[in-house]
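Breakdown of the fold
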Amino acid sequence: MIDSNNPQAPKIEFPCEHYPVKVIGDAGEGFTELVVEVIKRHAPDLDETSLVVRDSRNGRFLSLQILITATGVDQLQAINNELRATGRVHMVL
């Protein structure tokens, strides 16, 4: 039983194939390419055919989801840090 005062994230077993990385950021030229390039540096075997891009209702933001083989927490943290450092990414899920 999970204590509601101390919730724990579900355990992920690594390597984890088909791990979804969702990125939300400012829409604009080159955003999709930038995100794919950054993720590819940390997950070179990513499946680019799995890329799903959605515009926000007013077109200001883009949501991208791509599947990778997650190898560990360090890899996921590195992807998050590098994407956030671009200044164009608001959220990485």
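Residues numbered from 1 in each chain as written. Predicted model: local features only at pLDDT ≥ 70, side-chain atom pairs only at ≥ 80, totals over all residues. Heavy atoms only, no water.

**Some points on a nonpolar patch on the surface**
- A contiguous nonpolar surface patch, about 240 Å² in accessible area, is contributed by Ile12, Phe14 and Val73.
- Looking at the element boundaries, phenylalanine 14 is found in the segment before strand 1 (16-26).
- Overall, phenylalanine 14 belongs to the partly exposed group, its relative accessible area being 30%. (Patch = residues over 30% accessible without salt bridge, like charges linked within 9 Å, V, L, I, M, F, W, Y side chains within 5 Å. Areas by Shrake-Rupley, 256 points an atom, 1.4 Å probe, with all protein chains shown as cover. Salt bridge = Lys/Arg side-chain N within 4 Å of Asp/Glu carboxyl O. Helix = DSSP H or I, 4+ residues; strand = E, 2+ residues; numbered from the N terminus. Buried < 20%, exposed > 50% of the residue type's maximum accessible area, 1.4 Å probe, protein only.)

**Thoughts on helix 2 (residues 73-85)**
- In this model helix 2 runs 18 Å from its N-terminal to its C-terminal C-alpha over 13 residues, within 8% of the 18 Å that 1.5 Å per residue would give.
- Taken together, the buried residues of helix 2 touch strand 1, helix 1 (31-42), strand 3 (61-70) and strand 4 (89-92).
- One or two steps after helix 2, the chain reaches glycine 87, where phi turns positive at roughly 80 degrees. (Expected span 1.5 Å × (residues − 1). Contact = heavy atoms within 4.5 Å.)

**Here's the deal with the nonpolar core**
- Within the largest apolar cluster, 19 residues are counted, with the highest numbers of intra-cluster contacts made by Val21, Val23, Phe31, Val35, Ile39, Ile68 and Leu83.
- Only strand 1, helix 1, strand 3 and helix 2 provide two or more residues apiece to this core. (Core = buried A, V, L, I, M, F, W, Y, C linked by side-chain atoms within 4.5 Å.)

**Brief notes about the sheet that holds strand 4**
- Spatially, 2-3-1-4 is the arrangement adopted by the four strands of the open sheet, whose pairing is antiparallel. The open sheet has two free edges, formed respectively by strand 2 (47-55) and strand 4, since each of these has just one partner strand. Sheet twist, expressed as the mean angle between neighbouring strand axes with direction ignored, is 25 degrees.
- In this sheet, strand 4 lies alongside strand 1 in antiparallel orientation, the contact comprising three bridges. In the sheet register, valine 23 faces strand 4, and the bridge partner there is valine 92.
- Across the sheet, helix 1 is in contact with strand 1, strand 2, strand 3 and strand 4; its angle to strand 3 comes to roughly 20 degrees.
- Here helix 2 sits on the sheet and contacts strand 1, strand 3 and strand 4; the angle it forms with strand 4, its principal contact strand, is near 165 degrees. (Pairing = 2+ DSSP bridges. Axes fitted to C-alpha atoms, helices over the stretch in contact; angles between N-to-C directions.)

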